Amino acid sequence: MPEFKTEPIVVPSDSGLLPAGERDRRVALTSFRGGDSRVQVPTREVICYECGSKSRVPSAALSANCIHCHAHLNMADVEIRPGSRRLTVRTLGDVHVQPDTVLSHLSVVCRHMEVEGRVSGSFRCSGTLRFCESTRVGGTISARRLVVDKGVQLELGSGAAAEEVEVYGQLSGILQAKKKVTVYRGAVLEGNCKCPDIEVRPGGRYVGNDSY
Ligand SMILES: [Zn+2]
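Calculation rules
Residues numbered from 1 in each chain as written. Predicted model: local features only at pLDDT ≥ 70, side-chain atom pairs only at ≥ 80, totals over all residues. Heavy atoms only, no water. Helix = DSSP H or I, 4+ residues; strand = E, 2+ residues; numbered from the N terminus. Buried < 20%, exposed > 50% of the residue type's maximum accessible area, 1.4 Å probe, protein only. Contact = heavy atoms within 4.5 Å. Donors = N, O, S within 2.8 Å, 3.2 Å for Na, K, Ca; no water. Tetrahedral: all angles 85-135°; square planar, octahedral: opposite > 155°, others 65-115°. Phe/Tyr/Trp six-rings, centres within 6.5 Å; stacked < 30°, edge-to-face > 60°. Polar contact = N/O pair within 3.5 Å; in protein donor to acceptor, adjacent residues only side chain to side chain. Salt bridge = Lys/Arg side-chain N within 4 Å of Asp/Glu carboxyl O. Pairing = 2+ DSSP bridges. Core = buried A, V, L, I, M, F, W, Y, C linked by side-chain atoms within 4.5 Å.

Peer 1: Hey, could you go over the overall build of the protein chain for me, with residue numbers and the actual values?
Peer 2: Tallying secondary structure elements over the protein chain gives 1 helix and 19 strands in all. Sorting the 212 residues of the protein chain into buried and exposed places 35% on the buried side. Across the protein chain, contacts joining residues at least 24 apart in sequence account for 4% of those joining residues at least 6 apart.

Right, dumping it as structure tokens:
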């Protein structure tokens, strides 16, 4: 009697998810292809703050899940007000610290951040981190662009790393910049600065030693 074997209905896979090839085939079968009438949802590229991988998400979305590590990604903008007790912020949106806010041990991961209050802690921004109020930051700072406004004294307790740094006020501490540091007229940069390109404009001052 010939042996009868059925085909497995479920495609075996360790993760419980469909293998990539099978998944893509099914997605292709069920995806709508309307040629020119196809609706293009505007998307933006985000970097997951948990695993560091890039994903594309709809621009208007307020939250999403990382396609790599499935972490929940908050995309809303966050306001930190005076009297706020919130100490941890994780968002792909922007953070604004309002004037008269005083907070230490604040931990922020976001896109752009504007600091008008006196806050300390650690800040990681994929975009611009701008200080509009004098403060001493005890934790580490990392940003694509770090800006210290005119009249602002920023003291770095544990140092800062950025691609570009623009100093219009006073910045002191250990600074590491991948691309460029610009010290503008009337500004002072004090401390140890590691950067391949430090430009001190006329009227600006750089006190310290660079490692290049
Ligand atoms: Zn992730």
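Peer 1: For the coordination of the zinc ion, give the residues involved together with the corresponding values.
Peer 2: Around a metal, the perfect tetrahedron of four donors has angles of 109.5 degrees, and the perfect octahedron of six donors has angles of 90 or 180 degrees. At the metal site, the zinc ion is ligated by C48 (SG), C51 (SG), C66 (SG) and C69 (SG), and these contacts range over 2.3 to 2.4 Å. Each of the 4 donor atoms around the zinc ion contributes to a set of angles spanning 106 to 114 degrees, which defines the coordination as tetrahedral. Mapped onto the polypeptide sequence, the residues donating to the zinc ion form the spacing pattern C-x2-C-x14-C-x2-C. Of the residues examined, C66 reaches a relative accessible area of 1% and is grouped as buried.

Peer 1: An account of the packing of aromatic side chains is needed here, citing residue identities and associated values.
Peer 2: Enumeration according to the criterion identifies 2 aromatic pairs in this entry. Ring plane angle 55 degrees and centroid distance 6.4 Å describe the contact between F123 and F131, whose orientation is recorded as tilted. We note that F123, like F131, is buried. Relative to Y184, the ring of Y168 has its centre 4.2 Å away and its plane inclined at 10 degrees; by these criteria the two rings are stacked. In this pair, Y168 sits in the loop between β14 (160-167) and β15 (170-172) while Y184 sits in the loop between β16 (175-183) and β17 (188-194), placing the two residues 16 residues apart along the sequence. We classify Y168 as partly exposed; its relative accessible area is 27%. A residue is classified by how much of its surface remains accessible, and Y184, at 18% relative accessible area, is buried.

Peer 1: Got a sec to walk through the side chain of T101? Specific residues and values, please.
Peer 2: Within the secondary structure, T101 sits in the loop between β7 (95-97) and β8 (102-110). A relative accessible area of 1% places T101 in the buried class. Here Q98 takes part through its backbone oxygen, which lies 2.7 Å from a polar atom of the side chain of T101. Leave out the neighbours within four places in its chain, and T101 touches I80, R81, P82, G117, R118 and V119.

Peer 1: Tell me about the pattern of salt bridges, and please be specific about residues and values.
Peer 2: Between side chains of opposite charge, pairing is possible as soon as their charged atoms come close. This structure, assessed with the given rule, holds 10 salt bridges. A salt bridge links R144 to E164, with the shortest nitrogen-to-oxygen separation between them at 3.7 Å. With R144 in strand β12 (residues 141-148) and E164 in strand β14, this pair connects stretches of sequence that are 20 residues apart. Where R201 meets E199, a salt bridge forms, and the shortest distance between an N and an O atom there is 2.6 Å. What makes R201 partly exposed here is its relative accessible area of 32%. Each of K180, D197, E199 and R201 takes part in salt bridges that share partners, so that together they form one network.

Peer 1: Tell me about the pairing of strand β2 (residues 54-58), residues and numbers included.
Peer 2: Residues S55 and V57 of β2 are buried on one face, while the alternating residues K54, R56 and P58, pointing to the opposite face, are not. In sequence, strand β1 (residues 43-47) turns back onto β2 through a hairpin of 6 residues, with G52 there showing a positive phi of about 80 degrees.

Peer 1: Account for the nonpolar core, naming residues and giving values.
Peer 2: Within soluble globular proteins, side chains that are nonpolar tend to cluster in buried spots. Judged by nonpolar contacts, the single largest core of 38 residues is most densely connected at M113, F123, L129, F131 and L175. Among the elements that line this core, the one with the most residues is strand β10 (residues 118-131), at 5 residues. Setting aside its immediate chain neighbours within four residues, F123 contacts L106, V108, M113, L129, F131, V137, T140, I141 and S142.

Peer 1: Account for the side chain of E166, naming residues and giving values.
Peer 2: The topology assignment puts E166 in strand β14. For E166, a relative accessible area of 13% gives the class buried. Excluding anything up to four places from it in sequence, E166 contacts R145, L146, V147, V148, T182 and Y184.

Peer 1: Describe the environment of E164, and please don't skip the residues or the numbers.
Peer 2: Residue E164 is classed as partly exposed on the basis of its relative accessible area, which comes to 26%. The residues contacting E164, other than those within four sequence positions of it, are R144, R145, L146, K179 and K180.

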